[in-house]
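Read off the chains here:
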Amino acid sequence: MRSMYFFGFFVLGTMAATAVGCGGDDDGSGGGGGEGGAGSTTTSSVTSTTGIATSTSSGSGPVDDGNDSIEEAEELPAGNNGLEGTLEPIDADADYYSFTGTKGLPVYLVTDAKPADDENDPTYPDTVITLLDADGNQIAQNDDPAGGFTNDSELLTVLPADGEYFVVVQDCNAAFPESAFPNGCFDPTEVVSFDYTLKFLPLNLAADKTDSLVGETEPNDDAEQAVEMPYELTQDESDYYTTFVFGSFADEADVDVYSFTPPATPELENAVLAQLSFSGPSGPEGNGSTVDVSEVAIFNATDLTSAYAKVDPSKGGDIAVPVEADQEYFVFVKRPAGEVGKNDFYILLHSRTSSDPLEAEEETNGDVATPEGDLVGFSNRAGGVSYAIEGKIAGTEEAPDVDVYALPLDDVEEGWTVSVICGAQRHGSGVRELRAEVLNGDGTELGAAYSATETEAEDLFVQSKAIPEAPEGNRLLVRVSAGTPAADVTSRGYNCLFAYLPPAAN
């Protein structure tokens, strides 16, 4: 599936924060050469108020760049030009910046250290952004944006109060001592460049009126008061940017309602897919929000009694379901029970995109003797080959539906493995207990390790399983089935990715 994200002057990947880990390789290895911290030993501690790692080096010692503490923080101007900085020594330096903001102001902080031709190059800093309040308390943090497209940190948040704020930029090794090389971060001795750029973009939604930036307006508690999520064409008019909605919960019973009508043009290769996700996670190690959204549901405007799609984002779910073009839909966003926090905001991302190729042989693919074949293969990033399908479990409890797909082994080499990733309930579908089983080419089972079942909190993932010797028909089969569907959610779709991976990717 393909998504486009628009923010300010940038076209980016998803800007949701991720947990500590820094995106290093499993063995932490980087490229050749470099000095950054070679020959030094470092001890680290975490302050009780900020959570920022502070370090002392017994090697060459820190480079005094004049902004190594809150007291020395450099003023950070707003705008697209940004400031240039240097992290040296890479495993100890922390650069501090300051700006003044107002309560409720959305802000976007972005670093750029990686080269454009390799956004995960381990010989450049793996930046981490931490946002502190006027008292030095940590309120938000980002290491790597979701999606893995870069190790340059990006933080999208909403300010909780009027006043001064501090931004701290560090490398992964300095920010997270417990994850320092070789426990997650890249090897600091392999770094050959220590420079980065930091940009600060305050987002005045009232002044910036664009179709891709939407500020919630109360009251929007029911369908009649819904705030529209419009679509903004890209510059070449071939697609639409992702819409960013900034909302908040006024009280513990507040429900926010939005609407969207996916346009029919430009035409898409497969079905129109509606995607809804939240920039997160919340909390001081995420985007700084003091609340988790507990439910997001889509209703067709023609039926407000039963949800078409529904998911709990606090358990890792998002929505990605086929929808009808030119049909209006309503989105209901709810918070969990409990008192309102200091900064109960959320950032909802919505996009219209193309689904994967649609299941084409529903009438005959329910048996291992007549699997659906001719799936379109494509090269994956690991150097293998993948197949993707947008399917539907159309049966009933009395007559359950089963879908079987054939995966040819023509382009697979010795030592490769097979993986399967599928989603339904965790993408808003009413399908429950989605199950996928990898079978031999004749339909015989390969064992429990070759199957997995989706739950509300866990993805369906069959990871890197060995391909049997001399498989029947020079192929493997994947059988997809499910349990009893949800009574209160009407959609019945699922999405699966089947991948053959070379040994280096396992």
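All values derive from a computational prediction rather than experimental measurement.

Attention now moves to the overall build of the protein. Scanning the protein for helices and strands turns up one helix and 32 strands. For the protein, the residues scored as buried account for 52% of the 506 residues in total. Of the contacts made within the protein by residues no fewer than 6 positions apart, 77% connect residues no fewer than 24 positions apart. Surface summary for the protein: the accessible area is close to 21,800 Å², and the carbon and sulfur share equals 47%.

For the structure on display, the rule yields eight salt bridges. For Lys310, the salt bridge identified is with Asp488, shortest N-O distance 2.7 Å. A residue pair is termed long-range when its members are at least 10 positions apart, and Lys310 in strand E20 (residues 309-311) and Asp488 in the loop between strand E31 (475-481) and strand E32 (493-501) qualify at 178 residues. Judged by its relative accessible area of 22%, Lys310 is partly exposed. Between Glu456 and Lys315 there is a salt bridge, with the nearest N and O atoms lying 3.1 Å from each other. Separated by 141 residues along the polypeptide, Glu456 in the loop between strand E29 (451-453) and strand E30 (460-466) and Lys315 in the loop between E20 and strand E21 (319-323) bring together distant segments of the chain. Overall, the relative accessible area of 34% leaves Glu456 in the partly exposed class. Residue class for Lys315 comes out partly exposed when judged on its relative accessible area of 38%. Where salt bridges share partners, they join Arg435, Glu437, Glu445 and Arg479 into one cluster.

A separate point is the sheet that holds strand E14 (residues 213-215). In space, the five strands of this open sheet follow the order E14-E16-E23-E18-E21, with mixed pairing throughout. Looking along the sheet, the strands with just one partner apiece sit at the ends: E14 and E21. In this sheet, adjacent strand axes meet at a mean angle of 20° when their direction is disregarded. Direction of pairing for strand E18 (residues 272-278) relative to E21: antiparallel, over a ladder of five bridges. Looking at E21, one finds that Leu276 is bridged to Ile319.

As a further point, take the state of the cysteines. Covalently bonding the sulfur atom of one cysteine to the sulfur atom of another cysteine gives a disulfide. With the rule as written, the count across this model stands at two disulfides. Residue pairing for Cys172: its cysteine sulfur links by disulfide to Cys185, the two sulfurs lying 1.9 Å apart. Here the S-S torsion is close to -65°, and the disulfide linking Cys172 with Cys185 is therefore left-handed. Taken together, the residues span a long stretch of sequence, with Cys172 in helix H1 (residues 172-175) and Cys185 in the loop between H1 and strand E13 (195-202) at a distance of 13 residues. Cys185 gets classed as buried once you look at its relative accessible area, which sits at 0%. The disulfide partner of Cys422 is Cys496, and the S-S distance across this bridge is 2.0 Å. Here the S-S torsion is close to 110°, and the disulfide linking Cys422 with Cys496 is therefore right-handed. Taken together, the residues span a long stretch of sequence, with Cys422 in strand E27 (residues 417-423) and Cys496 in strand E32 at a distance of 74 residues. Like Cys496, Cys422 is buried.

As enumerated under the stated definition, the model contains three cavities of 30 Å³ or more in all. The volume enclosed by the largest cavity comes to roughly 40 Å³. Its residues assigned to classes, the lining of the largest cavity shows seven nonpolar, one polar and three charged.

Time to look at the sheet that holds strand E19 (residues 295-300). With mixed pairing, the five strands of this open sheet are ordered in space as E15-E17-E22-E19-E20. Each end of this open sheet is capped by a strand with a single partner; those strands are strand E15 (227-228) and E20. Of the pairings in the sheet, the one linking E15 to strand E17 (residues 255-260) comprises two bridges and is parallel in character. Pairing of Val227 across the sheet is with Tyr258, part of E17.

On to the pairing of strand E16 (residues 243-248). Two faces belong to every sheet, and in a regular strand the side chains alternate between them. Across the six residues that make up E16, a large majority, five, are buried. As paired elements, E14 and E16 share three bridges and run parallel to each other. Pairing of Gly215 across the sheet is with Phe246, part of E16. Bridge analysis of E16 against strand E23 (residues 345-354) gives six bridges, and the strand direction is antiparallel. Its bridge partner lying in E23, Phe246 is registered against Ile347.

Cut-offs and rules
Residues numbered from 1 in each chain as written. Predicted model: local features only at pLDDT ≥ 70, side-chain atom pairs only at ≥ 80, totals over all residues. Heavy atoms only, no water. Helix = DSSP H or I, 4+ residues; strand = E, 2+ residues; numbered from the N terminus. Buried < 20%, exposed > 50% of the residue type's maximum accessible area, 1.4 Å probe, protein only. Contact = heavy atoms within 4.5 Å. Areas by Shrake-Rupley, 256 points an atom, 1.4 Å probe, with all protein chains shown as cover. Salt bridge = Lys/Arg side-chain N within 4 Å of Asp/Glu carboxyl O. Pairing = 2+ DSSP bridges. Axes fitted to C-alpha atoms, helices over the stretch in contact; angles between N-to-C directions. Disulfide = S-S within 2.5 Å. 1 Å grid on protein atoms, 1.4 Å probe; cavity = no way out; pocket = protein on both sides within 12 Å on 5 of 7 lines; lining within 4 Å. Points joined across faces, edges and corners; volume = space filled by probe spheres on them. Nonpolar A, V, L, I, M, F, W, Y, C, P; charged D, E, K, R; others polar.

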